[in-house]
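Take a look at the letters that make up each chain.
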Amino acid sequence: MVIIALAFTRKLCTRGFSIYLAARRAANQEGIAALSALSCQSTTPGSDTLRRTNPLFSNLTALYICLLLTVYLFYVGQQGYLNITHAKFSAFCAISGGYILITALLGGECLLIGGIRPPSLGGLLKQSSWTQRLVLAYAALTWLSALLSPHWPETFIGASRYEGALTITIYALCFLLVSRFAQTSAWMLALFGLSVSAFGGLCLLQLAGYNPLRLYPTGYGYADAYTAYPGAYLGTTGNVGLTAAALCAAIPILWVGLVRLKGRGRLLLLVPLSVLVFVLVKMSVLAGIVGVFGGGLLMAPAVLPLPARGRRILAGVLLAGGVLGVALVYMIDCSIGLLHELHGVLHGNLDATFGSGRIYIWQNVLQRVPSQLWLGSGPDTMLYADIPPFTRYDPELGRTIVSHIDMAHNEYLNILFHQGILALAAYLAALACAAWRWIKKSPSDPVCAMLGGAALCYCVQAFFGFSMCITAPFFWLALGLLENRLSNNK
């Protein structure tokens, strides 16, 4: 399946490059006269003029999406899981950073050759949506935090996980470019389905005890997780927490597409959907399960093909069921497991061991927030916060495990600590603006329903997960495509 995906990728990349060359030839033939004519007709110069002038930007964005769903998803470097983070970061900078750079160069070329006046900041802001403005503000506040941090210049790349100002800026710029120039098409869903099928197939082989692509060191496999080596790793995303985050973005697109799209072809989505759900359940990563199934319940009233009255009734039923569930957990103690921990939390017992140590981490992180409330400590600098390591005894290993803390295991708390409350407010406001428009548009637009569902489920798991360049680009891609759909189909 991986070989098929790579072959298909090569074909698409070749086609994309051919389209690029054709567009370049067309642009050169049209020449300055066509560009100048469009410039004269446009009363508001800016990126809309560039988009109408030349299909290059849309084709380049399509090629970027293709590379992200194939080359980036499957690239792991030469050392497998031993150095996957660095390998992914290098590929991320090459693909996403290259997309930004080439777009900027082509934009500058069009402006210079065509004699089009550069767009003013006010004009760009006027053309943009509130979601786009707030994402831009989030990136700007991240840079302010990074530059004023006592840990600069380490805040540029990041002290431990490559989540510095550079990475966050690339997220934001790719979102803005995709939201401006992308054109959603059926081939994207076909490529997505093929890629995640290959990804799921790889995970199945690893779960069965095989070591395809030699991702594990020789002699090791998935079954050795937490015993022969710390943690667990699966797929081409590495840590199972990141794999769960990727599945949270993928599974909603598949099941919503199965429900909302027309034609028999949609039934093919059952193949990757079944594989990915099995992998998710087999991994037993709670953040992923909550993200997919909890997020699925939250978005059901917006994405299911129901009349307005049916959506309101379903929302009411789900709300009542949620309240009843919380009441039952509050009254009944199951003595063990997640429900026992939830019962304790509802009764005010915030035991530090709850949530695999997340309560301990959140408590320690929150204690340090007030001293750096507005701008945080700087992106990806928690390693310098001197938070005492979390320790727990593992009876299977027969030893005490010491976990050093360099992230909050909660993306929102992570932003609050690293970039401050202003950046967190901008980020949450951007998500809220996109969510509000998605709720209104989703009933009439299946593509909006699919993309918004992916973003929502990812955001749900993010309450227990963490952002890294290994999986976050897929979230920002879904959010950018959603924004594009919302803005171009008013």
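Placed above this text is the structure.
Because the structure is predicted, anything quoted here is derived from the model rather than measured. (Residues numbered from 1 in each chain as written. Predicted model: local features only at pLDDT ≥ 70, side-chain atom pairs only at ≥ 80, totals over all residues. Heavy atoms only, no water.)

Packing of helix α3 (residues 56-74) against helix α9 (residues 186-207) brings their axes to within 10 Å, and their N-to-C directions diverge by 5°. In terms of orientation, α3 lies roughly parallel with respect to α9. From α3, Ala62, Ile65, Cys66, Leu69, Thr70, Leu73 and Phe74 reach across to α9, where they touch Trp187, Met188, Leu191, Phe192, Ser195, Ala198 and Phe199. In terms of residue class, the contact of α3 with α9 is made up of 12 nonpolar, 2 polar and no charged. (Axes fitted to C-alpha atoms, helices over the stretch in contact; angles between N-to-C directions. Helix = DSSP H or I, 4+ residues; strand = E, 2+ residues; numbered from the N terminus. Parallel < 35°, antiparallel > 145°, perpendicular 65-115°, else oblique. Contact = heavy atoms within 4.5 Å. Nonpolar A, V, L, I, M, F, W, Y, C, P; charged D, E, K, R; others polar.)

Position of asparagine 211 relative to the elements: it lies in the loop between α9 and α10 (240-260). A sequence separation of 10 residues divides asparagine 211 from glycine 221, and the C-alpha atoms of the two residues are 6.3 Å apart. Once residues within four sequence positions are removed from consideration, asparagine 211 is found in contact with Tyr216, Pro217 and Tyr220. A distance of 3.1 Å separates a polar side-chain atom of asparagine 211 from the backbone oxygen of tyrosine 216. (Polar contact = N/O pair within 3.5 Å; in protein donor to acceptor, adjacent residues only side chain to side chain.)

Considering all chains together, one arrives at 23 aromatic pairs under this definition. When the ring of tyrosine 216 is compared with that of tyrosine 229, the centres are 6.4 Å apart and the planes differ by 35°; the resulting orientation is tilted. Note that tyrosine 216 is positioned in the loop between α9 and α10 and tyrosine 229 in the loop between α9 and α10, a separation of 13 residues in sequence. Given the relative accessible area of 4%, tyrosine 216 is considered buried. (Phe/Tyr/Trp six-rings, centres within 6.5 Å; stacked < 30°, edge-to-face > 60°. Buried < 20%, exposed > 50% of the residue type's maximum accessible area, 1.4 Å probe, protein only.)

Before going further, it helps to examine the pattern of salt bridges. For the coordinates displayed, the defined rule picks out 3 salt bridges. Arginine 437 is the partner of glutamate 483 in a salt bridge, and the nearest nitrogen-oxygen pair spans 2.8 Å. Separated by 46 residues along the polypeptide, glutamate 483 in helix α18 (residues 472-488) and arginine 437 in helix α16 (residues 411-441) bring together distant segments of the chain. The closest approach of N and O atoms between aspartate 445 and arginine 485, which form a salt bridge, is 2.9 Å. Highlighted residues: aspartate 445 in the loop between α16 and α17 (446-461) and arginine 485 in helix α18, separated in sequence by 40 residues. Across the pair, exposure class does not vary: aspartate 445 and arginine 485 are buried alike. (Salt bridge = Lys/Arg side-chain N within 4 Å of Asp/Glu carboxyl O.)

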